[in-house]
Amino acid sequence: MSRDTPLGFQPPAIGEEEIAAVAETLRSGWLTTGPRAALLEERMAEYLEAKHVLAVASGTAALHLALVALGVGQGVDGHRDEVITTPITWPATANVIVHTGASPVFVDVRPGDLNIDPELVAAAVTERTKAIMPVHLAGQPCDLEPLHALGIPVIEDAAHAAESAYRGRKLGGLSDATCFSLYATKNIAAGEGGLVATNRGDVAAAIGELRLMRRGDGSRYDLTVPGYKANLSDVLAAIALVQLDKLPEHTERRCRQFDLYDEGLAGLDGIEPLARDPRDTHALHLYVVRIVAERFGLGRDELQRALAEERISTSIHFLPVHRLTWYRERFPDQPALPVAERAGDEILSLPLSPAHSEDDIHDVLESLHRIHSRAA
Ligand SMILES: Cc1ncc(COP(=O)(O)O)c(C=O)c1O
């Protein structure tokens, strides 16, 4: 039996506490960046075990400002700076590289977890490589050690990885900059917002200058850099602070949902969850499966449609960026990236959210089993 009500893919888990925090902030008169943003930075620095955390307007802004702070730009003598990144990401990761004037260099991912392949990164380094921008897809840390060994600045896209740890060390203070998102679907959801974590004082100082121009004391002002307007409002910081308090409880629910999926999918041929490395802490942000059409009996797109008919929303994380129109046209000589391209046709993200009940996840599993037996 299909559900009576639609099941959202990743609805935010917002309660009365967040509503009260917003009301209190509005009453305080701080609509823009103020004490709550400062408190969020302080608490996130402690949580992420990083020396500095800077709150910004979005995860995209965090990545962009980190690149600018590290001096990535147009390059010299017509030779553009290059930033090596993964094609299996939200396009923002590549777009911000383009916004600096540099060129994204896409390398392929590993088949198990779809994170960037460090060996291919090493092979793609040139004298123009100014940074490496890996993504921790779904919350599984990428393999950072071989990337750090290359001696090139690393800016981590940790939009999915608020709770992740790499080999026992929290993501946040491991690379030159680590960028988080507070977007509506993220594990710490403020609606919009981002954070840059870093142990580098120079990077923190540069981002501090770039994200917002303040008047400071009095009405005389000056500036040393033409910055952006990428600060985080206290209204959003107030939501993020409550979400941070709720993280342990939300993690428990995510964990239970992962367990239910793991158990429920074990007997289904042709549907395989992405690999998770037991040496790392996974943020459990997305439950991504591969649909192997020959074994499942249906392709990914057909399955997604069949689930939608059963009122279950799913999503795709992600379509390979280098295959999207602008990137295809702008970089026509981009070599094929077979692992990413195959994954782009096969992956599907199943509903996952602390707002969902265990019954909701059982409904997804029942639908998958029903569709599978019809297809077999
Ligand atoms: C992997 C990845 N990187 C970057 C971003 C951008 O974050 P934001 O939406 O906060 O700008 C997202 C966002 O959804 C993402 O999934």
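Residues numbered from 1 in each chain as written. Predicted model: local features only at pLDDT ≥ 70, side-chain atom pairs only at ≥ 80, totals over all residues. Heavy atoms only, no water.

S.K.: Quick one: what's the story with the environment of L284, residue by residue and with numbers?
M.R.: Positionally, L284 belongs in the loop between β10 (271-273) and β11 (287-291). With relative accessibility at 11%, the residue L284 sits in the buried group. Along the primary structure L284 and A161 are separated by 123 residues, whereas in three dimensions their C-alpha atoms are 8.2 Å apart. Aside from chain neighbours lying at most four places away, what touches L284 is A138, N187, T251, R254, C255, F258 and L352. (Helix = DSSP H or I, 4+ residues; strand = E, 2+ residues; numbered from the N terminus. Buried < 20%, exposed > 50% of the residue type's maximum accessible area, 1.4 Å probe, protein only. Contact = heavy atoms within 4.5 Å.)

S.K.: How would you sum up the sheet that holds β10? Please name residues and give values.
M.R.: Sheet architecture is open: 3 strands sit in the order β10-β11-β12, paired in antiparallel fashion. Every interior strand has two partners, whereas the edge strands, β10 and β12 (347-350), have only one. Sheet twist, expressed as the average angle between the axes of neighbouring strands with direction ignored, equals 35°. Across 4 bridges, β11 lies against β12 in antiparallel orientation. For V288, the partnering residue across the bridge sits in β12 and is S349. Most of the contacts of helix α8 (residues 234-265) go to β11, to which it runs at about 20°, and overall it touches β10, β11 and β12. (Pairing = 2+ DSSP bridges. Axes fitted to C-alpha atoms, helices over the stretch in contact; angles between N-to-C directions.)

S.K.: Talk me through helix α10 (residues 300-309); I want residue IDs and the actual numbers.
M.R.: Since there are 3.6 residues in each turn of an α-helix, residues three or four apart along the chain are aligned in direction. The set of residues buried in α10 consists of R300, L303, A306 and L307. Along the axis of α10, the buried residues cluster in a sector spanning 125°; they form a single face. Facing away from the buried side of α10 by more than 90 degrees, the exposed set consists of R305 and E309. Where α10 is buried, its residues meet β11, α9 (293-296), α12 (338-346), β12 and α13 (358-375). Looking one or two residues beyond α10, the residue adopting positive phi is R311, at roughly 70°. (Arc of directions from axis to C-beta.)

S.K.: Describe α8, with residues and values.
M.R.: Its axis deflected by about 55° at L247, α8 carries its strongest bend there, up to four residues before the proline P248. For α8, the N-terminal cap is S233; the gap from its side-chain oxygen to the backbone nitrogen of V235 is 3.0 Å. (Bend = angle between axes of the 7 residues up to and from the residue. Polar contact = N/O pair within 3.5 Å; in protein donor to acceptor, adjacent residues only side chain to side chain.)

S.K.: Hey, could you go over the pattern of salt bridges for me, with residue numbers and the actual values?
M.R.: Taken as a whole and judged by the stated rule, the model has 27 salt bridges. Among the ionic pairs, R200 bridges to D202, the shortest N-O distance being 2.6 Å. A residue is classified by how much of its surface remains accessible, and R200, at 29% relative accessible area, is partly exposed. Using a relative accessible area of 47% as the deciding quantity, one classes D202 as partly exposed. (Salt bridge = Lys/Arg side-chain N within 4 Å of Asp/Glu carboxyl O.)

S.K.: A description of the site of the ligand should follow, citing residues and the corresponding values.
M.R.: The environment of the ligand is made up of 15 residues, and the closest members are G59, T60, D157, S181 and K186. Between the ligand and the protein, one listed contact pairs an oxygen atom with a backbone N or O atom of G59 at 2.8 Å. The separation between a nitrogen atom of the ligand and a polar side-chain atom of D157 is 2.6 Å. Coverage of the ligand by the protein chains reaches 91% of its 390 Å² of free accessible surface. Spatially, the ligand is embedded in the largest pocket. Considered class by class, the residues forming the shell around the ligand number 5 nonpolar, 8 polar and 2 charged. (Near = heavy atom within 4 Å. Areas by Shrake-Rupley, 256 points an atom, 1.4 Å probe, with all protein chains shown as cover. 1 Å grid on protein atoms, 1.4 Å probe; cavity = no way out; pocket = protein on both sides within 12 Å on 5 of 7 lines; lining within 4 Å. Sits in = over half its atoms within 2 Å of the grid points. Nonpolar A, V, L, I, M, F, W, Y, C, P; charged D, E, K, R; others polar.)

By themselves these figures say nothing about function.
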